[in-house]
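# Analysis of the macromolecular model
Listed below, chain by chain, are the residues.
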Amino acid sequence: MASIDISAIRKSYGHFPVLHGVDLTIRDGEFIVLVGPSGCGKSTLLRMIAGLEEVTSGEISIEGRRVNDLPPKDRDIAMVFQSYALYPHMTVADNMSYSLRLRKTGKERIAEIVASASAKLGLDALLQRRPKALSGGQRQRVAMGRAIVRQPKAFLFDEPLSNLDARLREQMRAEIKKLHKELGATSIYVTHDQIEAMTLADRIVAMHGGVVQQVGAPLDLYDRPANLFVAGFIGSPGMNFLEGHYVLEGGQASVRFANETSVAVELRKALASNSKVTLGIRPEHVVISSAGAIEAGVDLVEPTGFGIIMHLSVHGLPFKIFTLDRSVLSADRTIRVDFPISRLHLFDSEGQRVD
Ligand SMILES: Nc1ncnc2c1ncn2[C@@H]1O[C@H](COP(=O)(O)OP(=O)(O)O)[C@@H](O)[C@H]1O
Ligand SMILES: [Mg+2]
């Protein structure tokens, strides 16, 4: 197990900058999830930690030791990819023990380690099979087994569940979390899936365009997103945004919209009256009420079984709400809603959160 320090890391391919200076300290035993849309630089960062990609500038240390120039095999890190990259001609047991055999670990010791990993991953009945006789989920489990037997200082995962169907992904997600509780190994997990990030992470690192947007516990990012990007990225359906002006009148703060309606908000000392703001509210926090202050047109109603997603228009803009109340299935063409004051997020003209 190890702590990992990333300091002012930049990466360019030719003249094309991909990472614009990333700083991050990962504690010993921590489960970190790098999350962001495709192309934001997650894999590049992970591959630099593994030593598979050269660093343009900045420093990476593992357990306090600079590793920039250390080849991957000397970093004592195990990586699990989306493609399982198992040896097709080897059994599950041989795939798992391969690295130990290379290291000339004794036969008995190998058997012990493989048995322990196999038990943790539920692979006991499959040890003599070849990869082609395994399902996708089982192959991914073998790939993890192969990483575990090496007892590395840290695990790096790059979208390991992306090839699996939704049900299996959910199951494997829970298994990875249980495994981490058991092993307590420092882990960095890359995904574009915010639910995976929310459910797995001790801390999430939200990335966008090669820049870290926010680092924090999953519920911190959900409750207090640092900017419009994180606010829109975390949560599904995503947060609604309405543009307006922050107005302070007689000690009362509100956001006023172009159509002259307004919504009461909590006082923001950092904002001057009349500044441009974006108001954010999550679909699950909107309250439907016949006495609601805001009128909304109903465009579409989607029952998910668990709840209902309503596609509305508010001020002529698309707006979503999520409710458990099935009575909305027979809603009129317009409904009225309220925005509870404590549920409102405000972002300034630069898109930064204002509290
Ligand atoms: N070997 C490479 N040469 C040139 N550009 C690359 C290379 N690898 C990745 N990139 C570019 O770097 C950016 C980040 O890629 P990547 O780290 O794979 O993103 P993510 O994993 O977040 O989807 C993308 O714009 C991608 O096209
Ligand atoms: Mg990637």
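Analysis parameters
- Residue numbering note: each chain is counted from 1, following its sequence as written.
- Chains and ligands are labelled sequentially in the order written, the chains with letters from A and the ligands with numbers from 1.
- Thresholds applied to this predicted model are a pLDDT of at least 70 for local features of residues and 80 or more for the giving and counting of side-chain atom pairs; totals over whole chains, interfaces and linings are not thresholded and use all residues.
- Side-chain metrics rest on all non-hydrogen atoms present in the structure, leaving aside hydrogens and water.
- All the domain ranges listed were derived from an automatic or database domain assignment.
- A contact between two residues is defined here by any heavy atoms of the two lying within 4.5 Å.
- Joining two parts hides part of their accessible area as seen by a 1.4 Å probe, and the buried area is that hidden amount summed over both.
- Polar contact is the term for a pair of N or O atoms within 3.5 Å; when the atoms are in protein, one must be able to donate a hydrogen and the other to accept it, and sequence-neighboring residues count only if both atoms are side-chain atoms.
- Nearness here has a simple test: a residue counts as near a molecule or strand if at least one of its heavy atoms is within 4 Å of that partner.
- Only DSSP runs of H or I with at least four residues qualify as helices, and only runs of E with at least two residues qualify as strands; both kinds are numbered from the N terminus onward.
- Throughout this entry, Asp, Glu, Lys and Arg are counted as charged residues, while Ala, Val, Leu, Ile, Met, Phe, Trp, Tyr, Cys and Pro are counted as nonpolar. The remaining residues, Gly among them, count as polar.
- Aromatic rings from Phe, Tyr and Trp, with only the six-membered ring used for Trp, were paired whenever their centres fell within 6.5 Å, and each pair was classed as stacked if the ring planes differed by under 30 degrees, edge-to-face if by over 60, and tilted otherwise.
- Working definition: with a 1.4 Å probe on protein chains only, accessible area under 20% of the residue-type maximum means buried, over 50% means exposed, and in between means partly exposed.
- Geometrically, a lysine NZ or arginine CZ counts as sitting over a ring once it is within 6 Å of the ring centre and also within 35 degrees of the ring normal.
- As defined here, a cavity is a set of points on a 1 Å grid over the protein atoms alone where a 1.4 Å probe fits but cannot get out. A pocket is an open set with protein on both sides within 12 Å along at least five of seven lines, and residues line them when an atom is within 4 Å of a point.
- Grid points are joined across faces, edges and corners, and a volume is the space filled by probe spheres set on the points.

## Things to note about the domain arrangement of the protein
Segmenting the protein into domains produces domain 1 (4-233) and domain 2 (240-347). The centre of domain 1, based on its C-alpha atoms, is set 39 Å off from the matching centre of domain 2. If you look at the interface, domain 1 gives eight residues, while domain 2 gives seven residues. When the buried surface of domain 1 facing domain 2 is broken down by residue, Tyr222, Leu228 and Ala231 rank first, second and third, together holding 73% of it. Between the two partners, domain 1 and domain 2, sit two residue pairs in polar contact (both at pLDDT 80 or more).

## Regarding the site of ligand 1
All residues in the neighbourhood of ligand 1 are listed as Tyr13, Phe16, Val18, Pro37, Ser38, Gly39, Cys40, Gly41, Lys42, Ser43 and Thr44. One of the backbone nitrogen or oxygen atoms of Gly41 is found 3.0 Å away from an oxygen atom of ligand 1. When residues of the shell around ligand 1 are assigned to their parent elements, the largest contribution, three residues, is made by helix α1 (residues 42-50). Tallied by class, residues from the shell around ligand 1 come to five nonpolar, five polar and one charged.

## Observations concerning the packing of aromatic side chains
Under the criterion given, the structure shown has nine aromatic pairs. Ring geometry for Phe31 and Tyr189: centres 5.8 Å apart, planes at 40 degrees, overall tilted. A residue pair is termed long-range when its members are at least 10 positions apart, and Phe31 in strand β3 (residues 31-35) and Tyr189 in strand β8 (residues 186-191) qualify at 158 residues. Here Phe31 and Tyr189 have matching classes, each one buried. Between Tyr87 and Tyr98, the ring centres sit 4.8 Å apart and the planes meet at 55 degrees, which makes this aromatic pair tilted. Of this pair, Tyr87 sits in the loop between β6 (77-80) and α2 (92-102) while Tyr98 sits in helix α2, and the two are eleven residues apart along the sequence. Residue Tyr87 is classed as partly exposed on the basis of its relative accessible area of 31%. Through successive ring pairs, a cluster of aromatic residues spans Phe31, Phe155, Phe157 and Tyr189. Between Arg282 and the ring centre of Tyr222, over which it is positioned, the NZ or CZ distance is 4.1 Å.

## Quick word on empty space enclosed by the protein
For the structure on display, the rule yields one cavity of 30 Å³ or more. Around the largest cavity, the lining is made up of 13 residues, and of these Phe155, Phe157, Leu179, Leu183 and Ser187 lie nearest the centre. Secondary-structure elements contributing two or more residues to the lining of the largest cavity are α4 (136-149), β7 (154-158) and α5 (166-183). For the lining of the largest cavity, the per-class residue count stands at eleven nonpolar, two polar and no charged.

## Here's the deal with the layout of surface pockets
Approximately 570 Å³ is the volume attributed to the largest pocket. Along the wall of the largest pocket there are 22 residues; nearest its centre are Ile77, Ala78, Met79, Phe81 and Arg150. Residue assignment for the lining of the largest pocket shows that the elements contributing at least two residues are β6, α2 and α4. A per-class count over the lining of the largest pocket returns 15 nonpolar, three polar and four charged. As a volume, the second largest pocket reaches approximately 280 Å³. Residue lining of the second largest pocket: Gln194, Ile195, Met198, Tyr222, Ile234, Gly235, Ser236, Glu284, Thr304, Phe306, Ile309 and Phe322, and that is the complete set. Residue contributions to the lining of the second largest pocket peak at three residues, all from helix α6 (residues 194-200). Residues that form the lining of the second largest pocket fall into these classes: seven nonpolar, four polar and one charged. Structurally, the lining of the second largest pocket is a two-domain feature, drawing no fewer than three residues from each of domain 1 (4-233) and domain 2 (240-347).

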